[in-house]
Each structure stands twice: as structure tokens, then as C-alpha cells.
Amino acid sequence: MKRTEIKAVLQQGDVGTRVKVMGWVRTKRIGKNVAFIAMNDGSTIKNVQVVVDTTGDFVKLLENVHTGAALSVEGNLVESLGSGQKVEIHAEKIDLLGKADPNEYPLQPKKHSLEFLREKAHLRFRTNTFSAIARIRHAMIFAVHKFFNDKGFYNIHTPIITGSDAEGAGEMFQVTTLDLSNPPKDDEGNLNFKEDFFGKASNLTVSGQLEAELAALALGKVYTFGPTFRAENSNTTRHLAEFWMIEPEMAFSDINDDMDLAEEMLKYVIRYALDNCMDDLEFLSKRQQDEEKNKKADERSMELIEKLNFVLENPFARITYTEAIHILRNSKPNKKKRFQFVIEGWGADLQSEHERYLVEKHFKTPVILTDYPKDIKAFYMKQNDDGKTVRAMDVLFPQIGEIIGGSQREEDYNKLYTRMNEMHIPEESMWWYLETRKFGSVPHAGFGLGFERLILFLTGMGNIRDVIPFPRTPQNLEF
Ligand code: 4AD
Ligand code: MG
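Residues numbered from 1 in each chain as written. Chains lettered and ligands numbered in written order. Predicted model: local features only at pLDDT ≥ 70, side-chain atom pairs only at ≥ 80, totals over all residues. Heavy atoms only, no water.

Q: Could you give an account of the side chain of N463, with specific residues and numbers?
A: Examined against the element boundaries, N463 turns out to sit in the segment after α14 (451-459). Reaching out from N463, the side chain makes a polar contact with the backbone nitrogen of R465 at a distance of 2.9 Å. Once you skip the residues sitting within four places of it in the chain, N463 turns out to touch R118, T237 and L456. (Helix = DSSP H or I, 4+ residues; strand = E, 2+ residues; numbered from the N terminus. Polar contact = N/O pair within 3.5 Å; in protein donor to acceptor, adjacent residues only side chain to side chain. Contact = heavy atoms within 4.5 Å.)

Right under this line is the structure:
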């Protein structure tokens, strides 16, 4: 008999039909004449209940059925009274596909801490929380591609190994095949990268933007969706060393088009999650409320689904950095020195505590901040006429802080060239980027959305290590 997925059984299964399901045991409960096995196969967060006669042949087999074991079950669908589902399976044939010794299997049917589960990343997919996150992650990958495809953007694969440092800031991971125990040196005693694989120093990319710009200046509208790498030694709940970034880039567009696209995209994918992931969102909502039940009422998060709808229904506030500094300087936590980094004046870089104050306390809606001081932003951003600010735009979200960073790009060759010199960006490694400003240069703009930060927001999870299957963070490279 052919296998049916549990999602289909629960949605479409008719009482009286015979089915075969395969999955992993979540719980086993022995009753008087029957045993109840809750089985999950990953197709949905819901388990199917299998009812097994304990009076007959199954007695011996049931002794080996424990949480984590894999089963194949054939039987008839019967109406379910107690399981919360329409139907359950009355087992007639059971095969134990894979045992799980209860003395060794780490995931028992009780609450495990997220810290504990991080150490069991090879098994944590089998919990409700992590399977829900994995399904939502998938849905969001699909929604991002659908959004851009439907709008006529082309997906571009940009390189992962690079000879340039796109942001001119972030720490990069070096890529080398040199023998580090006996590296070749040049005449001055420095590492001789001429003998390295590429004949020069190379790194893992921090962003696909620069190459996406090249493509946009021919194809019009493009986007990348790839892994990016940053060797920042910041052990926060919002930073990974390896994360995924979505980077659209549009020719013939300015910072306003960029903000419009960012807002439209975020709302589209959130709507997609509400339309397609409700079972998982409802589970995560309950989970979050459970987690926060000991907090004071005003410290609790907005209910997850309400929060998602709230973002959909309200326009994002759009203000300049200068206006934001004004608000922050006059804010209570700044005056009472309750911010860890007190804002002294114009020019300060904003920390996530400031971003969250603006979003959560002041505007109570997502905020797009524009026109940052040029000294705290990358070299490629379009310079404003004031000589002090650039056409940057960061989207700030509740609970997350910065979720998107982007800008209109400097399209003027001389201004870009001068800024690169000021910021010590070597022309030799970036000549190709500069050349696009010589040949048919046009206004263009783009941004980068941190995919894991989006998933943090959608799932209500508190730590970025829990929204990517195998997080890469300092001192952590298991799995
Ligand atoms: O603001 P960032 O550094 O911008 C860029 O890389 C631009 N090249 C993007 C562009 O204009 N095409 O990074 C963009 C976003 C951030 O807003 C944040 O959401 C995410 O990437 N991000 C990280 N996410 C997880 N871990 C990290 N270490 C991150 N660093 C940035
Ligand atoms: Mg940024």
C-alpha cells in the first residue's frame, strides 16, 4: 500500500478508508485495552493518533515503541473523539522502522530548554518548535522568490568567494589553500598570496550587492538571495557569522523607490506567512505566551499573529536620522541615562536599544530611517548635497531593530572615486565597480534584508541561533 502523509490524512481522510502512514513517535500512552501513539512525519505540526489494541499481537512490539522511534502504520480511519482531530488510525499492521532507546534518546516528551536543544541540533528538527520554524523558513524562501519573480526581478547568483570587501567595514573570513604551518613569504616577510589558490588574498563575501549592481545596470531589476559571512566577534542574539541575505537592486530608482520596495516586500512575505503557515504560527504564538507568562503585563510581547497583522495594517514611519537623533536625545531613557549608549549628539551610530526605542516606544510601528551621516555608512551610498549625509535607508522592526539596510547608490564617477580614496578602498580591487559609473551610469538603489532577522520576527523567537538550522557563531562549529 502507498504511504499517505499525515497532513493529507488529517485534512482529507474519510472515516472508513484504509491508510498507511510513516513517521516518528512523539508520545506513547498505554490505556486499559488500547495504546495511543502520537505520530508526526513533518508534513504538519499536527500529530496523528494511532490506536493500538494491547490485547493481541502488538504487545511485544509495543515494548519497543518509544518516543523518537520510526514506525510504519497501516489501518482504518475511525472517528476521533479525544485527540482533537477529526480522525485517528486504528492500527492493523505496524512495522518498527527504527528504534530509539529511551535511555539514550535525548528528546523526551517534556519541555527542553532552547540551550539544551542547540546542543542537539542534529535532533531538534523533531520538536514542534524547530519543525515549525523550519516550515516557516521554507515558506519565506518561497515567498521571497515569488514576490520578486512576480514583479519582474531576475535572480542573480553572486560569488561567495571574493577578492574585495563590499562593505569596507565588516571583518571577513579568509579563504586560503596555503599551508598555514609553513606559509610562503615574500621578500618583506609578509604572507605571499601570489602562491595562494587565486594568486591573491581572498575572502568569503559579506554581501552580494556590488555584483548585483553590475547586473542591475543591464537587466534593470535583479535580486540575490545567498549566504553571507561576517567574522564579527559579536556574541549577540541578532548576529550570525553565516547568514542569508536578500539583496534587490533596481536601476532608474531612487531612495523612495527603495523604501517602497522594502515595505511592500516585507508586507508581502508577512501576509504569505499568515495565509500559508497558520498552524505553525499558532503553535509559536502559544509557545511565546507560555514563555512570557511570568513577565509583567507591560513587558510581554504583543501576541504573535496580532503583531504580524499590526505590521501589515500600518504604514511604516519614515524619518531622517537627524529627526531620530532629536527624538532620542529628548527621550526619557536618554535623559535618565538608561540607554547603555547615551546619545550625546549628531553623528552617533545607533545601537539596537535606540532603534527599538524609536519603533516600540515612540512610533509604535516599523520605522524607516534615512539620510545617515556619511561617516557611519559605506562608501557606495549616494551623497546628499549637504556634504554630511548619504541616502541610506534602514528599516527598523519591533523586537529586532535593524532588519534591512540599504541605500541609493552613488552613480557619479568622481564623487564615488573621491569617497573611495577617503575611505582607503583600493582602486585596484574595485576598478570594475568604478567602471560602471563611466559607462551608462544611472541612478539606482537597493537593500539587504537579513533573512534570519525576518524569521526571528515572524516566529517570535528570541535568539537568532534558533531560526537557522545550524548556526555559525564564535566558538561554535558543531554539526
Ligand atoms: O546593513 P548591512 O550590512 O547591508 C549590506 O550588507 C548591504 N550591502 C545591503 C545592500 O544594500 N544590498 O546588512 C543588511 C542586513 C542587516 O540589516 C541585517 O538584517 C542583516 O543583513 N545582517 C545580519 N544578520 C545576521 N547576522 C549578522 N551578522 C548580520 N549582519 C547584517
Ligand atoms: Mg546595516
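Having put the structure on the table, let's press on.
Q: Explain the nonpolar core to me, and be specific about the residues and the numbers.
A: Core analysis: the biggest nonpolar cluster contains 87 residues, and M140, L266, V395, F397 and I404 have the highest contact counts within it. When residues in this core are grouped by element, the largest group, 11 residues, is from helix α6 (residues 255-276). Taken domain by domain, the makeup of this core includes at least three residues from each of domain 1 (6-109) and domain 2 (126-171 + 206-316 + 365-466). Here F397 is in contact with L266, I270, V311, F316, V359, P366, I403 and F457, once residues within four sequence places are set aside. In terms of nonpolar packing, the next biggest core, distinct from the first, is built from 30 residues, L210, F339, V359 and Y433 among them. (Core = buried A, V, L, I, M, F, W, Y, C linked by side-chain atoms within 4.5 Å. Buried < 20%, exposed > 50% of the residue type's maximum accessible area, 1.4 Å probe, protein only. Domains from an automatic or database assignment.)

Q: Any chance you could break down the pairing of strand β11 (residues 242-251) for me, citing the residues and the numbers?
A: Burial within β11 is extensive, with eight of its 10 residues counted as buried. By the bridge criterion, nine bridges tie strand β10 (residues 221-229) to β11 in an arrangement that is antiparallel. Bridge pairing in β11 places F229 opposite E242. Two strands pair when backbone bridges link them, and β11 and strand β16 (residues 444-450) are joined in this way by five bridges, in the antiparallel orientation. Residue M245 lies in a different strand from β16, and its bridge partner there is G450. (Pairing = 2+ DSSP bridges.)

Q: Break down unusual backbone geometry for me, with residues and values.
A: Look at K364: it is not a glycine, yet its phi comes out positive at around 55 degrees. Tracing the sequence through the fold places K364 in the loop between α11 (352-363) and β13 (367-373). For F479, which is not a glycine, the phi torsion comes out positive at approximately 70 degrees. Note on F479: relative accessible area 39%, which makes it partly exposed.

Q: Explain the sheet that holds strand β9 (residues 202-204) to me, and be specific about the residues and the numbers.
A: Read across the sheet, three strands follow the order β7-β9-β8 without closing on themselves; strand pairing throughout is antiparallel. Where the open sheet ends on each side, the last strands, each with one partner, are β7 (161-162) and β8 (174-175).

Q: Can you tell me about the environment of I6, naming the residues and giving the values?
A: On the secondary structure map, I6 appears in helix α1 (residues 6-12). Along the chain, I6 and G23 lie 17 residues apart, while their C-alpha atoms are 8.4 Å from each other. I6 has contacts with V21, M22, M39, N40, D41, S43, T44, K46, N47 and V48, leaving out every residue within four places of it along the chain.

Q: So what's going on with helix α7 (residues 278-291)? Residues and values would help.
A: In a regular helix each residue adds 1.5 Å, so 14 residues correspond to 20 Å; α7 covers 20 Å between its end C-alpha atoms and thus fits that length. Listed in full, the buried residues belonging to α7 are D280, L281, L284, S285, R287 and Q288. For α7, the angular spread of the buried residues around the axis is 165 degrees, confining them to a single face. Where α7 is buried, its residues contact α3 (114-118), α4 (128-150), α6, α8 (304-313) and α14. (Expected span 1.5 Å × (residues − 1). Arc of directions from axis to C-beta.)

Q: Help me get a handle on the side chain of R472, residues and values and all.
A: Here R472 is to be found in the segment after α14. Although R472 is buried, it forms no salt bridge, and the closest oppositely charged side chain is E242 at an N-O distance of 4.6 Å. Here F479 takes part through its backbone oxygen, which lies 2.9 Å from a polar atom of the side chain of R472. (Lys, Arg positive; Asp, Glu negative; His and termini not counted. Salt bridge = Lys/Arg side-chain N within 4 Å of Asp/Glu carboxyl O.)

Q: Any details on the packing of helix α9 (residues 321-329) against α11? Residues and values, ideally.
A: Two numbers describe how α9 lies on α11: the axes approach to 11 Å, and their chain directions differ by 75 degrees. Here α9 lies roughly perpendicular to α11, going by the angle between them. In this structure, α9 contributes A324, I327 and L328 to the contact, and α11 contributes H354, Y357, L358, H362 and F363. When the residues that make up the contact of α9 with α11 are grouped by side-chain class, the tally is six nonpolar, two polar and no charged. (Axes fitted to C-alpha atoms, helices over the stretch in contact; angles between N-to-C directions. Parallel < 35°, antiparallel > 145°, perpendicular 65-115°, else oblique. Nonpolar A, V, L, I, M, F, W, Y, C, P; charged D, E, K, R; others polar.)

Q: Go over the domain arrangement of the protein chain with me, naming the residues and quoting the values.
A: We note that the domain assignment places domain 1 (6-109) and domain 2 (126-171 + 206-316 + 365-466) within the protein chain. Its C-alpha centre places domain 1 at a distance of 43 Å from the equivalent point of domain 2. Each partner contributes residues to the interface: domain 1 has 10 residues there, and domain 2 has nine residues. Across the domain 1 to domain 2 interface the summed buried area is about 780 Å²; carbon plus sulfur atoms make up 45%. It is R26, I45 and L107 in domain 1 that bury the most area against domain 2; as a group they hold 61% of the surface buried on that side. Inspection of the domain 1/domain 2 interface yields one salt bridge. The closest approach of N and O atoms between K46 and D279, which form a salt bridge, is 3.6 Å. (Buried area = accessible area lost by both parts, 1.4 Å probe.)

Q: Run through helix α13 (residues 427-435), naming residues and quoting values.
A: Those residues of α13 that fall on the buried side of the exposure criterion are S429, M430, Y433 and L434. Across the axial projection of α13, the buried residues extend over an arc of 130 degrees, all falling on one side. Summarising the geometry of α13, the exposed residues directed more than 90 degrees from the buried face are E428 and W431.

Q: Quick one: what's the story with the packing of aromatic side chains, residue by residue and with numbers?
A: The geometry of an aromatic ring pair is captured by the separation of the ring centres together with the interplanar angle, meaning the angle of the planes. For the coordinates displayed, the defined rule picks out 19 aromatic pairs. With 5.5 Å between their ring centres and 35 degrees between their planes, Y321 and Y372 make a pair best called tilted. Placement of Y321 in helix α9 and of Y372 in strand β13 is noted, with a sequence separation of 51 residues between them. On the accessibility criterion, Y372 (1% relative accessible area) is buried. Three or more aromatic residues joined by ring pairs form one cluster here, namely F147, F148, F153, Y223 and Y268. Seen from the ring of F457, K307 lies directly overhead, with NZ or CZ sitting 4.1 Å from the centre. (Phe/Tyr/Trp six-rings, centres within 6.5 Å; stacked < 30°, edge-to-face > 60°. Lys NZ or Arg CZ within 6 Å of the ring centre and 35° of its normal.)

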